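Single-letter residue listing:
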Amino acid sequence: MVTMNAGQIAALVGGDLHGDAHRQLTDIAPLQDAGPEHVAFVASDKQLRTLSNSHAGVVLLARSILEQTPLNLPSVIIAVDD
């Protein structure tokens, strides 16, 4: 199993990190199923309601919807190009 941290993932995808760069991750999962060790992805503003209830460790989020993201999320956010 490969473990990466949020900072490494942000550098890999060319994203802007919002949160703890040292958060350790081991897998990917759909947003609704993700736990603290998972990376998940939000592609549209329709998924933002699910984001509030997600336990994902890191969420890759389109920059175009970053400002619509709820504050005080437990997830680390990496904003990426659409």
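Residues numbered from 1 in each chain as written. Predicted model: local features only at pLDDT ≥ 70, side-chain atom pairs only at ≥ 80, totals over all residues. Heavy atoms only, no water.

## Topic: the overall build of the protein chain
Regarding its fold elements, the protein chain presents two helices and seven strands. Shown N-terminal to C-terminal, the secondary structure of the protein chain runs as helices and strands in the order β-α-β-β-β-β-α-β-β. On C-alpha atoms alone, the protein chain measures out to a radius of gyration of 11 Å, which is about the 12 Å that the 2.2 N^0.38 rule sets for 82 residues. Viewed in the frame of its principal axes, the protein chain has a C-alpha envelope of about 30 × 25 × 20 Å. In the protein chain, which comprises 82 residues, the proportion classed as buried is 40%. For the protein chain, restricting intrachain contacts to residue pairs at least 6 apart in sequence, the fraction spanning at least 24 positions comes to 26%. (Helix = DSSP H or I, 4+ residues; strand = E, 2+ residues; numbered from the N terminus. Rg over C-alpha atoms; globule rule 2.2 N^0.38 Å. Buried < 20%, exposed > 50% of the residue type's maximum accessible area, 1.4 Å probe, protein only. Contact = heavy atoms within 4.5 Å.)

## Re the sheet that holds strand β2 (residues 16-18)
Taken in spatial order, the five strands of this open sheet run β2-β7-β6-β5-β4, and their pairing is mixed. Where the open sheet ends on each side, the last strands, each with one partner, are β2 and β4 (27-28). Direction of pairing for strand β6 (residues 58-62) relative to strand β7 (residues 76-80): parallel, over a ladder of five bridges. Considered in β7, the bridge of valine 58 is made with valine 76. (Pairing = 2+ DSSP bridges.)

## Considering helix α1 (residues 6-13)
Of the residues making up α1, those classed as buried are Ala6, Ile9 and Ala10. Looking straight down α1, one finds its buried side chains confined to an arc of 100°; they lie on one side. Of the exposed residues in α1, those oriented more than 90 degrees away from the buried face are Ala11 and Leu12. Residues of α1 that are buried sit in contact with β1 (4-5), β2, β3 (24-25), β5 (38-42), β6 and β7. N-cap assignment for α1: the residue whose side-chain oxygen lies 3.0 Å from the backbone N of glycine 7 is asparagine 5. Looking at the residues trailing α1, positive phi occurs at glycine 14, about 70°. (Arc of directions from axis to C-beta. Polar contact = N/O pair within 3.5 Å; in protein donor to acceptor, adjacent residues only side chain to side chain.)

## Some thoughts on the pairing of β7
Where burial is concerned, most of β7 is hidden: five out of the five residues are buried. Side-chain alternation along β7 places Val76, Ile78 and Val80 on one buried face and Ile77 and Ala79 on a second face that is also buried. Bridging between β2 and β7 involves three bridges; their strand directions are antiparallel. Within β7, the residue paired with histidine 18 across the bridge is isoleucine 77.

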